[in-house]
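# Residue-level structure breakdown
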Amino acid sequence: MTSTTGASDLGVTVATIGDRGAIWRRRIAYTLMIAYALLMFVPFTWSVVTSFKTLPDSVRMTFIPQPFTTQGWEFAITKLDPPITTLFLNSAVIAAVITISNLALGSLAGYAFARLRFPGRELLFLVVLATLMIPDQLRLVPVYLLLNDVGLTKGFAQYIGLVVVLAIGGSSIFLLRQYFLSIPRELEEAARIDGAGFFTTFYRVMLPLAGPALSAVAILTFQGTWNGLFWPLILLQDRAHYTLPVGLLAFRTAGGFTNNWPPIMATVILATIPILILYLFFQRYFVEGVAASGVKG
Amino acid sequence: MTSADVPTRIPVTRTPKPGARIGSRAEALAGYAFVAVPMVLFLVLNIGSILYALYISVWKWNLRSGPVALIGTKNYTDALSDPVFLIAIKNTLYYTVLWVPITMAIGLSLAVIVNQKIRGRTFFRAAFYFPAIASSAAITTLFIFIMQPDGFFNGARAALGLNPLFNLLGFSDSQNWIGNAGTAMNSIILLNAWTTSGTFMLFYLASLQSIPSQVYEAAAIDGASASQAFWRITFPLLRPGHYFVATVAVIGGLQLFDQALIGGGVGGDPNNALMTMVLYLYNAAFRQFDFSYAAAIGIILFVVIFSATLLQRRLFGQAPSW
């Protein structure tokens, strides 16, 4: 059970001696692991089941909705204010814009920090690292006042304010810089000798090689922005500008929706489905991205 | 993080390569151009905002009125003498002290499991990380539904015949887990341990894979059992991993906000049981619109987080190699 990397090979050797205890331990371990893995899915399964129930039925411990109804879904799709389509669109556009901006700004800066030599580079990189340690809550008041001063807290400009705050994360730069450091220098030197400029070398030679790191940054940024609550809650004050998480929070206390579990569960599912689809298709990048952000070099 | 970073890089940057224009003017200009936008944003919205927050915090400053009067440290002394803020600090520390070790222990156990050459390891890894993909808003809403008095959790433990055990621990058959001041924060700890242990698993997994297999081969030759190998080799060799995960976890824990707000509303109900430092800060800024008071709370929060990080560095000895 508790052996690691290389030890598991040796564990097999021990088991083949005919140790029945080891076989049983293995079975018990597998049973526990499968049970725990299933436990991960139970709450989501329950939310799907509940979304097809009536309200009185939603508090019964039955896995078959009795009667089966799509009223909860109809409520979630037609009766929310702002409509769920608005929330969905807001979340999607904001997450897409911020992902693209993190990829563009992060890869340029990551490349510069990894390869280009300029005075003050180490100091500026320290600033990047420092941003990873400054809590967002400390920035709440000053950032809000700054945005307010330049008119980015009202009307449509709220979107712009949010994009400015989330346009580039220190972790995006860090991840991409680490990846560029791992690419052999010879490739870009060949391009430089052929007379390519710095941007051309970056764009034509290095960027195409950074696929895995770009994918990891894209997935992590998209997921983080899609799921994020703190900044949208503060900067998107108009209801029409809400994202899905802010909407979910508002609906918790809205009349006719509070404790009306079937439509709430339908909304929870709708808010989660895009990330779920991403996870099913790009599971590897989720795993690698999170792991890479944990290794820090 | 930074101190170890710089020395390893210097040999790379200082090695002159023939044919490369070392530190040319054009290269420096390109470098500045490439980092310009992020650096301006960071210097204004990160570094600048700390200084701005410090400045705001010594004023009486409302969103609508702007700066009214210079009041020195009054915002700080007011905060530290407000019983609700002291409860918020206590709750936040309670949450962090319990949630961090629980989630690290689960994350490490899961990492050790999926690091083995077992059948279906990709499935297990994907399953264990799965709860981390949903938003805090969605997962907390779902959790509230499951933990309500006539919810799935209470139903499941009744069906499994676990109620005598729960009664023994002092919980009623229709316990209102999040609506009861005694169990609200513990329920949030459970929720976040469940959703975050998969992330910590991935952090630990990266660390585990950096341990060379020869170490285990040597231990096996010496007749070490699997549990000895874990406690004598894996656990101590994971020290950089522990340090990183603990640091990230403590910083995250002290910023508990989303789940407290969704679970207990702006009041941190019931009876301030879910009032956290960040929730208190949010209320000061966007309920009372007392921006200078909120700025002072932000500074206090930063000091707490920074001290915790330094304390961990001290506890774990020298800075790890990353």
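Residues numbered from 1 in each chain as written. Chains lettered and ligands numbered in written order. Predicted model: local features only at pLDDT ≥ 70, side-chain atom pairs only at ≥ 80, totals over all residues.

Another point: the overall build of chain A. Along chain A, the regular secondary structure elements total 15 helices and 0 strands. Against the compact-globule benchmark of 19 Å for 297 residues, chain A has a radius of gyration of 25 Å, which places it well outside the compact range. The principal-axis extents of the C-alpha atoms in chain A amount to approximately 75 × 75 × 35 Å. Per-residue burial over chain A gives 47% buried out of 297 residues. The long-range share in chain A, meaning contacts at least 24 apart out of those at least 6 apart in sequence, stands at 72%. (Helix = DSSP H or I, 4+ residues; strand = E, 2+ residues; numbered from the N terminus. Rg over C-alpha atoms; globule rule 2.2 N^0.38 Å. Buried ≥ 20, exposed ≤ 12 C-beta atoms within 10 Å, placed from the backbone. Contact = placed C-beta atoms within 7 Å.)

The next subject is the overall build of chain B. A count of helices and strands for chain B gives 15 helices and 2 strands. Reported as C-alpha extents along the three principal axes, the dimensions of chain B are approximately 75 × 70 × 30 Å. Buried residues in chain B amount to 43% of all 322 residues. Counting contacts in chain B only where the partners sit at least 6 residues apart, residues at least 24 apart contribute 70% of the total.

Let us now look at helix 2 (residues 20–51) of chain A. Taking 1.5 Å per residue as the helical rise, helix 2 of chain A with its 32 residues ought to reach 46 Å, and the 47 Å between its terminal C-alpha atoms agrees with that figure. At Phe41(A), helix 2 of chain A is deflected by roughly 35°, the largest bend along its length, and proline Pro43(A) occurs up to four residues later in sequence. Check the buried side of helix 2 of chain A and you find it contacts helix 3 (71–78) and helix 14 (261–281) of chain A together with helix 4 (83–114), helix 5 (121–129), helix 6 (136–147) and helix 7 (152–159) of chain B. (Expected span 1.5 Å × (residues − 1). Bend = angle between axes of the 7 residues up to and from the residue.)

Turning next to the packing of helix 11 (residues 211–227) of chain A against helix 14 of chain A. Residue and element names in this part refer to chain A. Where helix 11 contacts helix 14, the axes come no closer than 10 Å and their chain directions differ by 165°. Classified by the angle between their axes, helix 11 and helix 14 sit roughly antiparallel to one another. Helix 11 and helix 14 meet at a crossing whose hand is left-handed. Side by side, helix 11 and helix 14 meet where Ile219, Gln223, Trp226 and Asn227 of the first sit next to Pro274, Ile275 and Leu278 of the second. Taken together, the residues of the contact of helix 11 with helix 14 break down into 5 nonpolar, 2 polar and no charged. (Axes fitted to C-alpha atoms, helices over the stretch in contact; angles between N-to-C directions. Parallel < 35°, antiparallel > 145°, perpendicular 65-115°, else oblique. Left-handed = near helix turned anticlockwise from the far one by under 90°. Nonpolar A, V, L, I, M, F, W, Y, C, P; charged D, E, K, R; others polar.)

In globular proteins that are soluble, nonpolar side chains generally tend to be buried together. Within the largest apolar cluster, 172 residues are counted, with the highest numbers of intra-cluster contacts made by Met201(B), Tyr204(B), Leu281(B), Ala294(B) and Ile297(B). Ranked by residues supplied to this core, first place goes to helix 9 (residues 184–208) of chain B with 14 residues. Discounting residues that sit within four places of it in the chain, Ala294(B) has contacts with Leu140(A), Val141(A), Leu281(B), Ala284(B) and Ala285(B). In this structure, Tyr216(B), Ala219(B), Ala226(B) and Ala229(B) belong to the second largest nonpolar core, which totals 5 residues. (Core = buried A, V, L, I, M, F, W, Y, C linked by C-beta atoms within 7 Å.)

Residue Pro82(A) follows Asp81(A) across a cis peptide bond; omega there is 0°. You can see Pro82(A) is positioned in the loop between helix 3 and helix 4 (84–115). Cis rather than trans, the peptide bond between Asp269(B) and Pro270(B) has omega equal to -5°. Following the sequence through the fold, Pro270(B) ends up in the loop between helix 13 (258–264) and helix 14 (277–286). Backbone geometry at Asn272(B) places phi at a positive 65°, although glycine is not the residue there. Tracing the backbone through its elements, the reader meets Asn272(B) in the loop between helix 13 and helix 14. A positive phi is found at Phe289(B), a non-glycine position, where the angle reads about 55°.

Once that is clear, we can look at the pairing of strand 2 (residues 66–70) of chain B. Residue and element names in this part refer to chain B. Strand 2 sits mainly on the outside: 0 of its 5 residues count as buried. As judged from the 4 bridges shared by strand 1 (residues 59–62) and strand 2, these two strands associate in the antiparallel manner. Residue pairing in the sheet places Asn62 in a bridge with Gly66 of strand 2. Between the end of strand 1 and the start of strand 2, which pair antiparallel, lie 3 residues. (Pairing = 2+ DSSP bridges.)

Below, the discussion takes up the environment of Pro212(A). Residue position: Pro212(A) is located in helix 11. Pro212(A) sits 72 residues away from Arg284(A) along the chain, and the two C-alpha atoms are 10.0 Å apart.

Looking now at the packing of helix 14 of chain B against helix 15 (residues 291–315) of chain B. Residue and element names in this part refer to chain B. Viewed as axis vectors pointing N to C, helix 14 and helix 15 meet at an angle of 160°, and their least axial separation amounts to 7 Å. By the criterion of interaxial angle, the relationship of helix 14 to helix 15 is roughly antiparallel. Taken as a pair, helix 14 and helix 15 cross one another with a handedness that is left-handed. Contacts between helix 14 and helix 15 involve Met277, Val278, Tyr280, Leu281, Ala284 and Ala285 on the former and, on the latter, Phe291, Tyr293, Ala294, Ile297, Gly298 and Leu301.

Before going further, it helps to examine helix 10 (residues 198–209) of chain A. Spanning 12 residues, helix 10 of chain A covers 16 Å between terminal C-alpha atoms, matching the ideal 16 Å at 1.5 Å per step. Turning to helix 10 of chain A, its buried residues number three or more, namely Phe198(A), Thr201(A), Phe202(A) and Met206(A). Angular distribution of buried residues about the axis of helix 10 of chain A spans 95°; they occupy a single face of the element. Packing partners of the buried residues in helix 10 of chain A comprise helix 4, helix 8 (170–181) and helix 9 (186–193) of chain A together with helix 2 (25–57) of chain B. (Arc of directions from axis to C-beta.)

To continue, consider the confidence of the model for chain B. Atom-level detail of predicted coordinates should not be read off regions where pLDDT is low. Residue and element names in this part refer to chain B. Of the residues in chain B, 91% reach a pLDDT of 70 or more, and the chain-wide mean stands at 87. Confidence drops under a pLDDT of 50 for residues 1–21, and excluding neighbours within four residues, the segment shows 18 contacts in the predicted structure. ipTM for the predicted complex: 0.87, alongside a pTM of 0.88. (pLDDT = per-residue confidence, 0-100.)

Once that is clear, we can look at the confidence of the model for chain A. Residues at a pLDDT of 70 or more form 91% of chain A, whose mean pLDDT is 87. pLDDT under 50 marks residues 1–17 of chain A. Its contacts with residues more than four places away, or in other chains, come to 39 contacts.

Glancing now at the environment of Gly182(B). Within the secondary structure, Gly182(B) sits in the loop between helix 8 (163–168) and helix 9. It is 40 Å that separates the C-alpha atoms of Gly182(B) and Ala229(B), two residues lying 47 residues apart in sequence.

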